[in-house]
Amino acid sequence: MNVPLDHTAFGTLEKLREEAMEQLHLCSWHSSLAVDQGAALADAGMVYNTRRAAAHLRMAMDVLAMMREHRERQKARQAEGRPHGV
């Protein structure tokens, strides 16, 4: 059974940061597997895990861009004197 989402934090900077960290962790894990498979002369596994690592890194970069946009929107709201989220 899936754990229910914490809707209060959805779309917040904290959730975005958590997602970026998860993607970077997966990138690291797949990179480590690729290195191990390269040492074991398992070229197919090395290629597969390198591609997976690259995909997770691209996703992390996208989430980091979302974080930057989120911070810019917050600064714009503060400059206009509007409260957070309005």
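Since the model is a prediction, treat every value here as computed from it, not as a measurement. (Residues numbered from 1 in each chain as written. Predicted model: local features only at pLDDT ≥ 70, side-chain atom pairs only at ≥ 80, totals over all residues. Heavy atoms only, no water.)

(A) Region of interest: the overall build of the protein. Check the secondary structure of the protein and you find two helices and zero strands. Put simply, the protein has 86 residues, and 21% of those count as buried. For the protein, long-range pairs separated by at least 24 residues make up 57% of all intrachain contacts whose partners lie at least 6 apart in sequence. Counting every atom, the protein has about 6700 Å² of accessible surface; 61% of that belongs to carbon and sulfur. (Helix = DSSP H or I, 4+ residues; strand = E, 2+ residues; numbered from the N terminus. Buried < 20%, exposed > 50% of the residue type's maximum accessible area, 1.4 Å probe, protein only. Contact = heavy atoms within 4.5 Å. Areas by Shrake-Rupley, 256 points an atom, 1.4 Å probe, with all protein chains shown as cover.)

(B) Structural context of the side chain of Gln 23. With respect to the secondary-structure elements, Gln 23 resides in helix H1 (residues 13-39). We classify Gln 23 as buried; its relative accessible area is 9%. If sequence neighbours within four positions are ignored, Gln 23 has contacts with His 56, Met 59 and Ala 60.

(C) Region of interest: the environment of Met 67. Assignment of secondary structure puts Met 67 in helix H2 (residues 43-80). Of the residues examined, Met 67 reaches a relative accessible area of 7% and is grouped as buried. Sequence-wise, Met 67 and Thr 12 are 55 residues apart; in three dimensions their C-alpha atoms are separated by 8.8 Å. For Met 67, the contacting residues outside a window of four places in its chain are Leu 13, Leu 16 and Arg 17.

(D) How the structure looks around H1. Along its 27 residues, H1 runs 39 Å from first to last C-alpha, staying within 8% of the 39 Å computed at 1.5 Å per residue. For H1, the full list of buried residues reads Leu 13, Leu 16, Ala 20, Gln 23, Cys 27, His 30 and Ala 34. In the core, the buried residues of H1 are packed alongside H2. Positive backbone phi, at 60°, marks Leu 41, one or two positions downstream of H1. (Expected span 1.5 Å × (residues − 1).)

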